[in-house]
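# Chains, contacts and geometry: an overview
Below are the chains, spelled out letter by letter.
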Amino acid sequence: MKLNRILSFQFGIFFLVAMLLSSVSSVVFDHQFYLDLYERIHLAERENITSSDLEDSIFMMTDYVEGKRDDLNGTITWRNQVQPTFNTKGIRHMKDVRTLWQRAYWVMVISWILCIVAMVLLLARNKLAGLYDLMQGLLDGLVCFAVVLVFFGFWWFIDFTGFWTWFHTVVFPGNMDWLLNPATDFMIVICPEEMFSSMVFLIAGKLLAGLAPVAGLCLLARKTLPVYLDVLKLEKGSKEDRTQTANG
């Protein structure tokens, strides 16, 4: 029973981690997200830059972080002069972001693998009863995750700048390359605060949209599976009694 509990909780936690990072990936590397955002906030007009330079720059950056390209070499016309798309400080920061995402990517992959391993072991050990353990593990994980999500969600809502600053100091300790100046660093121009707040909102929305039906299924299974398992036990016991009677 103790092993079942461990596997159950492992399944729940790693499933949530994998879902979170999958949601991050689906938003951060979606080119259409940036096109829609820039159009909505009129960034090209606001910064007096062409839409093509704006789009090429952000796509170059996201493709670099995702590992689809190996450099950030490019040029733009910004403030009436041709210049490299990103300066040295911006490139250093993107190298750190790329390293961070590569680690997060493997955490996501390993989490999905561990989910599958825990699921297979539970079902192999307990058959249908293992499904109940899986649902219970998900519910336990959802409770823990909900507490964390509410805390950071409230912080994000009342003080996004403070939340975002704290996040960067945690993931880039002792490194201040993420502090960019919009007067000199084009990277922060194409990554305005509206982008990050919208990104966090979309990631949370996708995650909740994926977890809501899972949570509903868990609650349903938790309520109905024990009854079904009891019925199976009664039927099995009745069958054994009839067999013993027949043999007697």
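Our subject in this report is the structure included herewith. (Residues numbered from 1 in each chain as written. Predicted model: local features only at pLDDT ≥ 70, side-chain atom pairs only at ≥ 80, totals over all residues. Heavy atoms only, no water.)

### Focus: helix α2 (residues 31–41)
Along α2, the residues that are buried comprise Phe 33, Tyr 34, Leu 37, Tyr 38 and Ile 41. Within α2, the buried residues cover an arc of 120 degrees as seen down the axis, which keeps them to one side. Exposed and oriented more than 90 degrees from the buried face of α2 are Glu 39 and Arg 40. The N-capping residue of α2, defined by a side-chain oxygen 3.1 Å from the backbone nitrogen of Gln 32, is Asp 30. Positioned one or two residues after α2, His 42 has a phi angle of 55 degrees, which is positive. (Buried < 20%, exposed > 50% of the residue type's maximum accessible area, 1.4 Å probe, protein only. Helix = DSSP H or I, 4+ residues; strand = E, 2+ residues; numbered from the N terminus. Arc of directions from axis to C-beta. Polar contact = N/O pair within 3.5 Å; in protein donor to acceptor, adjacent residues only side chain to side chain.)

### Some details on the nonpolar core
One finds Phe 186 and Ile 190 to be the most contacted residues of the largest nonpolar core, which totals 43 residues. With seven residues, the single largest contributor to this core is helix α4 (residues 51–66). (Core = buried A, V, L, I, M, F, W, Y, C linked by side-chain atoms within 4.5 Å.)

### What to know about the environment of Ser 8
Inspection of the secondary structure assignment puts Ser 8 in helix α1 (residues 2–28). For the pair Ser 8 and Tyr 132, spaced 124 residues apart in sequence, the C-alpha separation works out to 9.2 Å. With residues near it in sequence (within four places) discarded, Ser 8 still touches Leu 122, Asp 133, Gln 136 and Gly 137. (Contact = heavy atoms within 4.5 Å.)

### Brief notes about the pairing of strand β1 (residues 75–78)
Residue alternation in β1 divides its side chains into a buried set, Ile 76 and Trp 78, and an unburied set, Thr 75 and Thr 77. Bridging between β1 and strand β2 (residues 81–84) involves four bridges; their strand directions are antiparallel. Residue pairing across strands places Trp 78 opposite Gln 81, the latter belonging to β2. Between β1 and β2, which pair antiparallel in sequence order, lie two residues; one of them, Arg 79, sits at a positive phi of approximately 55 degrees. (Pairing = 2+ DSSP bridges.)

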